[in-house]
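Each chain, letter by letter, is given below.
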Amino acid sequence: MNNELKERFLCYVGFDTQSSEENEAQCPSTEKQLVLAAYLRDELASIGMTEVVMDEHGYVYATLPANTEKEGVPTIGFIAHIDTSPDCSGANVKPRIIENYDGSDIVLCEEENIVSSVSRFPELKEHIGEDLIVTDGHTLLGADDKAGIAEIVTAMAYLMAHPEIKHGKIRVAFNPDEEIGAGAHLFDVEKFGCEWAYTMDGSEAGELEYENFNAASARILIKGVNVHPGYAKGKMKNACLIASEFAAMMPGNERPETTDGYQGFFHLTGMGGTVEEAWLSYIIRDHNSGMFQLRKQVMRDIAEKLNAKYGAETVTTEICDQYYNMLTQLQGKPQITGLACRAIESTCGFCKVVPIRGGTDGAQLSFKGLPCPNIFAGGLNFHSRHEFVSLQSMEKAMMTVVNICRMACEESGER
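## Overview of the overall build of the protein
- Tallying secondary structure elements over the protein gives 10 helices and 18 strands in all.
- By the compact-globule yardstick of 22 Å for 415 residues, the protein fits well, its C-alpha radius of gyration being 23 Å.
- Taking the principal axes of its C-alpha atoms as reference, the protein extends roughly 85 × 50 × 40 Å.
- Looking at the protein alone, contacts between residues at least 24 apart form 79% of all its contacts between residues at least 6 apart.
- By element, 48% of the accessible surface of the protein is carried by carbon and sulfur atoms, the whole surface being about 17900 Å².
- Taking the average location of the 35 positive side-chain charges in the protein and that of its 61 negative ones, the two points are 5 Å from each other.

Given below as C-alpha cells:
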C-alpha cells in the first residue's frame, strides 16, 4: 500500500472545507476552503511542481513539466475539488482504518448505534479484504473529493520520482465550491492551457463517466392569506397546506429513492413557511435533454393548476438551469475517453463506463471548451456519515493518473 497516498488523504480530511449554498454570491462560498487551498499550493511547490499559483478565489493551478522531447504529446490536466458537501458536517472528521475488511456490519459509533450495515449498503461486500477508511459516524469523510486530490498529488510525486516514465506537460487544478454547482464558474480554462482534462471525482474502481444529468434548481413560492382561525372560513389561504399539495402532485415514482441508471428525478431538498408564505426547493435531473425540458414544464403546469384553484399568482416557480450533459461535448472525440478507458484497463483489468447520477465540474468545463470526463476516485456513500473509501481503490486511481500520462506520451502520433 502506498503510505504516502494514505497519509496525504488523512491529512486533507482534517481540513473542514464545506461549501455553503447560503453564500453562492461569493467565491469561495466559505473562507475555510482557502486554508486547504493554501496548503495544497505550498505542498505542490514543495514536491517540485512548477507554475504553482493560487488565485484570490482559492483556485490552485500547477504544472509538471514534460520530460520527453517527443513532439505532438498533448497537454493533459487533472482536476479535483477542495470543498465538501453542505449536506453533512465536515468539521472534526475522525477517520478510522479498517484493515482487511471482513464483510460484516461496520459500527461507526457504538454509543449512538450508528452502523453502516451491509443490508443497507450492499456495496460494502465488493470490498471484502480491502482496507477501508470510515468515519466515527458524526461527519462525512470527505473522500468526495479529497481522495481525488490525494491521488493527483501522489501521482505527480510518483512521476517525478520515476523519470523513466515519459510524459508530456501535465497540469493540475484544485477548485472550490463544486458541491454547490459553482466550481467551474471562475475556473480559468485559458490559463489552464490543456487540450483536455479529467476530474478525479467518481466512485468505484474501474469506472469512467462521460454522461451526466442535465440539471436545474427550482424554488416554488406560495403566497397565502392569514386571518384569525376562528373567523377564517372562506378567507384563509394556508400557504403551508398549498405547498404540501404541490409536493403531493409531483410524480411519486420519480424521486431519487425510486430511480437509478439513466432515470431522471425530482428531488425535494427543503420546504418551510407559515400560513402567509411558504416555499419548496427542488432539484431536477435527467440525462435526456427533451425529458429535462418536460420535467421543468411539469412543475410549471402544477403551479398553473393550483393558481386556477386558489387564485392567480398564489404559486410562482423560479427554475434555473445549472449544468448540462457533457456527452454532447465529447461526442466525436474518442481519443479523450479512449485514453482514459485504456489507462483504467491497464490499472484495473477492466473499464466500466457508467452514467453519472449527478454532476461534476467536468460537465461545466466541457461546455467552457475543456472536454473533461470523470474518473473513479474510490469513495462511496458521498455526502453521508456512512461515506467510506478503499485504500486499494485509491491506489488504483492514482496509478490510473500515472498511466494516462504515460500512455498519452507513448500513443502520441499514433491516432
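Here the narrative resumes, following the displayed structure.
## What to know about the pattern of salt bridges
- A full pass over the atoms with the stated rule returns 10 salt bridges.
- Between R295 and E254 there is a salt bridge, with its nearest N and O atoms 2.7 Å apart. In this pair, R295 is assigned in helix α6 (residues 289-310) and E254 in the loop between α5 (239-249) and β12 (265-273), connecting sequence segments 41 residues apart.
- E254 sits in the partly exposed class, given a relative accessible area of 26%.
- Put simply, D286 and R295 hold a salt bridge, and the shortest N to O gap is 2.7 Å. Judged on exposure class, the residue D286 and its partner R295 are both buried.

## Some details on the sheet that holds strand β15 (residues 352-353)
- Here eight strands make up an open sheet; going across it, the order is β1-β2-β8-β3-β9-β16-β10-β15 and the pairing mixed. Across the chains shown, the open sheet's two edge strands, defined by having one partner strand only, are β1 (50-54) and β15.
- Here strand β9 (residues 196-202) pairs with strand β16 (residues 374-376) via three bridges, running parallel. Paired with G202 across the bridge in β16 is F376.
- The strands touched by helix α3 (residues 143-161) are β2 (60-64), β3 (76-81), β8 (170-175), β9 and β16; relative to β3, the strand with the most contacts, the crossing angle is about 145°.
- Its contacts with the sheet place helix α10 (residues 391-411) against β3, β8, β9 and β16, and it is angled at close to 135° to β16.

## Notes on the nonpolar core
- One finds F9, F78, M156, F174, Y198 and I375 to be the most contacted residues of the largest nonpolar core, which totals 66 residues.
- Here this core gets 10 residues from one element, more than from any other, and that element is α10.
- The residues touching I375, leaving out its near neighbours within four places in the chain, are Y198, T199, M200, D201, G202, E207, L208, A340, I344, T400 and I404.
- By size, the runner-up hydrophobic cluster in this structure holds 21 residues, among which are A216, M250, I284 and L306.

## Things to note about α3
- When the terminal C-alpha atoms of α3 are compared, their 25 Å separation across 19 residues agrees well with the 27 Å that a helix rising 1.5 Å per residue should span.
- In terms of residue burial, α3 counts as a mostly covered element, since 16 of its 19 residues are buried.

## Details of the sheet that holds strand β17 (residues 379-380)
- Taken together, four strands build an open sheet; the order of strands is β4-β7-β18-β17 and the sheet is antiparallel. The sheet is open, and its two borders are formed by β4 (96-98) and β17, each paired with just one other strand.
- By the bridge criterion, three bridges tie β4 to strand β7 (residues 132-134) in an arrangement that is antiparallel. Note on β7: the bridge partner recorded for I97 is I133.
- Sitting on the sheet, α10 touches β4, β7 and β18 (388-390), and the angle it makes with β18 is about 65°.

## Some thoughts on the environment of Q33
- As for its position among the elements, Q33 is in helix α2 (residues 33-46).
- Judged by its relative accessible area of 1%, Q33 falls in the buried class.
- For the pair Q33 and I302, spaced 269 residues apart in the sequence, the C-alpha separation amounts to 40 Å.
- Every residue in contact with Q33, bar those within four places of it in the chain, is listed here: T17, Q18, S19, P28, I82, D83, P176 and D177.

## Details of the packing of aromatic side chains
- Applying the stated criterion to the full structure yields 11 aromatic pairs.
- Plain terms: the ring middles of F246 and Y282 are 6.2 Å apart, the flat faces sit at 55° to each other, and that makes the pair tilted. One end of the pair, F246, is in helix α5; the other, Y282, is in strand β13 (residues 277-286), with 36 residues separating them in the sequence. Per residue, the accessibility class of F246 equals that of Y282, and both read buried.
- Centre to centre, the rings of F292 and Y324 are 6.5 Å apart; their planes meet at 85°, and the pair counts as edge-to-face. Taken together, the residues F292 in helix α6 and Y324 in the loop between β14 (315-323) and α7 (327-330) connect sequence positions 32 residues apart.

## Examining a negative patch on the surface
- Among the surface-exposed residues, E21, E22, E24 and D87 lie close enough to one another that they form a single negatively charged patch.
- One can find D87 in the loop between β3 and β4.

About the criteria used
Residues numbered from 1 in each chain as written. Predicted model: local features only at pLDDT ≥ 70, side-chain atom pairs only at ≥ 80, totals over all residues. Heavy atoms only, no water. Helix = DSSP H or I, 4+ residues; strand = E, 2+ residues; numbered from the N terminus. Rg over C-alpha atoms; globule rule 2.2 N^0.38 Å. Contact = heavy atoms within 4.5 Å. Areas by Shrake-Rupley, 256 points an atom, 1.4 Å probe, with all protein chains shown as cover. Lys, Arg positive; Asp, Glu negative; His and termini not counted. Charge placed at Lys NZ, Arg CZ, Asp CG, Glu CD. Salt bridge = Lys/Arg side-chain N within 4 Å of Asp/Glu carboxyl O. Buried < 20%, exposed > 50% of the residue type's maximum accessible area, 1.4 Å probe, protein only. Pairing = 2+ DSSP bridges. Axes fitted to C-alpha atoms, helices over the stretch in contact; angles between N-to-C directions. Core = buried A, V, L, I, M, F, W, Y, C linked by side-chain atoms within 4.5 Å. Expected span 1.5 Å × (residues − 1). Phe/Tyr/Trp six-rings, centres within 6.5 Å; stacked < 30°, edge-to-face > 60°. Patch = residues over 30% accessible without salt bridge, like charges linked within 9 Å, V, L, I, M, F, W, Y side chains within 5 Å.

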